[in-house]
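# Structure at a glance
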Amino acid sequence: MTEGVNKRPRLGLALGGGTARGLAHVGVLKVLDANGVAPDVLAGTSYGAIIAALYALGGTGVSIEHVIRQQNTMEIWSQGLDFGLHKAALINGRRLSNWLDRKFFDGATFDDLERPLAIGCTDLATGALAIVREGSVAEAVRASCALPFYFAPVQQNGKVLIDGGFIEPVPFRTLSVFDPEVSLGVHAGINADRATLIQGTLRLHRSWVGRSFQWLARHASLRLALGRLIRGMAVVARSYENRVIAPPGAHLLRVQPPIAWWDFHKSPIAIATGERAMRAALGLVRPEGEARKS
């Protein structure tokens, strides 16, 4: 008679990028766990893909925080010592992928996950969203973190993939493959409207120079490393036209950690910022009438 009464709606969590600022996602997960509203399904893109993958593998907000705070910042940065100029990038990315697999993912595939996960990437051939839900978790994360010029694209299942944050900074569409009853997206990236460099790039993109570059990119060959770089930079330029908004029925949590994207050594600040923001927004995901926890 009482089966299903007060059953919590199926919660989906979409974690966006932000690099070190994305550590705020850990604080969000800690608060959700502590209040009995842990996400049932997850989507991640860019740095959010790393956090979402760790959680989907059975981690908790607290355990992920412990793992991150135990990391040596220099060890993280040393993964960039991976020659990639032959692929028209500063960093190949293979070393990063191997490190993630060895350090965090233990060779896991999507079949090994304890919670359903989807990772959002950008298909360099079409400029469209590509959702990865199979194969190596580390390789999918690597693809979703492949920032053009810095990291080489990742070839997977016949596609050339780069950072998914250029298509959707918060992966709501990626999350929608699971059809959750409640969707919460977390945005910890910079505010593009206040970033002078981004605004300058956007003005250039809208000029005749930018339009000419986009035409060149459409005709650049993906068979050539330089062509992949040009295509990738065109995707980056177009991405600044995007706005971070929640689709109908979903919720967007904006978190503004007072750190730069490279400040991994300031992880406690970012995590605490995520905790405060999620505590203030618990009403978005907690079933109506559920008692608050202290």
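Summarised in this report is the structure supplied together with it. (Residues numbered from 1 in each chain as written. Predicted model: local features only at pLDDT ≥ 70, side-chain atom pairs only at ≥ 80, totals over all residues. Heavy atoms only, no water.)

## Side note on the overall build of the protein
Summing up its helical and strand segments, the protein has 11 helices and 8 strands in all. A burial count over the protein gives 53% of its 294 residues as buried. Partitioning the intrachain contacts of the protein with sequence separation of at least 6 by distance along the chain shows that 72% fall at a separation of at least 24. In the structure as shown, the protein presents an accessible area of about 14400 Å², 55% of it carried by carbon and sulfur atoms. (Helix = DSSP H or I, 4+ residues; strand = E, 2+ residues; numbered from the N terminus. Buried < 20%, exposed > 50% of the residue type's maximum accessible area, 1.4 Å probe, protein only. Contact = heavy atoms within 4.5 Å. Areas by Shrake-Rupley, 256 points an atom, 1.4 Å probe, with all protein chains shown as cover.)

## Focus: the pairing of strand 4 (residues 129-132)
Side chains Ala130 and Val132 project from strand 4 onto a buried face, and the interleaved Leu129 and Ile131 project onto a face without burial. Two elements, strand 3 (residues 117-123) and strand 4, share 4 bridges in a ladder whose sense is antiparallel. Residue pairing for strand 4: Cys121 is matched across the bridge by Ala130. Between the end of strand 3 and the start of strand 4, which pair antiparallel, lie 5 residues, with Gly127 showing a positive phi angle near 75 degrees. (Pairing = 2+ DSSP bridges.)

## Thoughts on a nonpolar patch on the surface
A cluster of nonpolar side chains, contributed by Leu90, Leu147, Phe149, Tyr150 and Met233, occupies part of the molecular surface with about 420 Å² of accessible area. For Leu147, the location among the structural elements is in the loop between helix 6 (137-144) and strand 5 (154-156). Classification of Leu147 by relative accessible area gives partly exposed; the value is 30%. (Patch = residues over 30% accessible without salt bridge, like charges linked within 9 Å, V, L, I, M, F, W, Y side chains within 5 Å. Salt bridge = Lys/Arg side-chain N within 4 Å of Asp/Glu carboxyl O.)

## Observations concerning the packing of aromatic side chains
All told, the structure shown has 3 aromatic pairs when counted by the stated rule. Here Trp99 and Phe104 contribute two aromatic rings whose centre-to-centre distance is 5.3 Å and whose plane-to-plane angle is 85 degrees, an arrangement assigned as edge-to-face. Accessibility assignment for this pair places Trp99 and Phe104 in one class, buried. Ring-pair connections join several aromatic residues into one group, and the members of that group are Trp99, Phe104 and Phe105. (Phe/Tyr/Trp six-rings, centres within 6.5 Å; stacked < 30°, edge-to-face > 60°.)

## Regarding helix 6
Here helix 6 lies mainly inside the structure; 8 of its 8 residues are buried. Inspection of helix 6 places Val137, Ala138, Glu139, Ala140, Val141, Arg142, Ala143 and Ser144 among the buried residues, and these make up the whole buried set. Structurally, the start of helix 6 carries an N-cap: the backbone nitrogen of Ala138 is 3.3 Å from a side-chain oxygen of Ser136. (Polar contact = N/O pair within 3.5 Å; in protein donor to acceptor, adjacent residues only side chain to side chain.)

## Side note on the nonpolar core
Of all hydrophobic cores here, the largest spans 60 residues; its most connected members are Phe105, Leu117, Val141, Met278 and Val285. Of the residues forming this core, the biggest block, 9 residues, is contributed by helix 2 (residues 47-56). In this structure, Val41, Ala43, Leu175 and Ala250 belong to the second largest nonpolar core, which totals 10 residues. (Core = buried A, V, L, I, M, F, W, Y, C linked by side-chain atoms within 4.5 Å.)

## Describing the pattern of salt bridges
Applying the stated criterion to the full structure yields 7 salt bridges. Across the pair Lys30 and Glu65 runs a salt bridge, and its minimum N-O distance is 2.8 Å. Remark: Glu65 occurs in helix 3 (residues 61-69) and Lys30 occurs in helix 1 (residues 24-34); sequence separation between them is 35 residues. For the pair formed by Lys30 and Glu65, the shared burial category is buried. Two residues, Glu65 and Arg69, come together in a salt bridge whose shortest N-O distance is 3.2 Å. Of this pair, Glu65 and Arg69 both sit in helix 3, separated by 4 residues, roughly a single helical turn. Relative accessible area serves as the criterion here: at 12%, Glu65 is assigned to the buried category. When salt bridges with common partners are traced through the structure, they connect Lys30, Glu65, Arg69, Glu275 and Arg279 into a single cluster.

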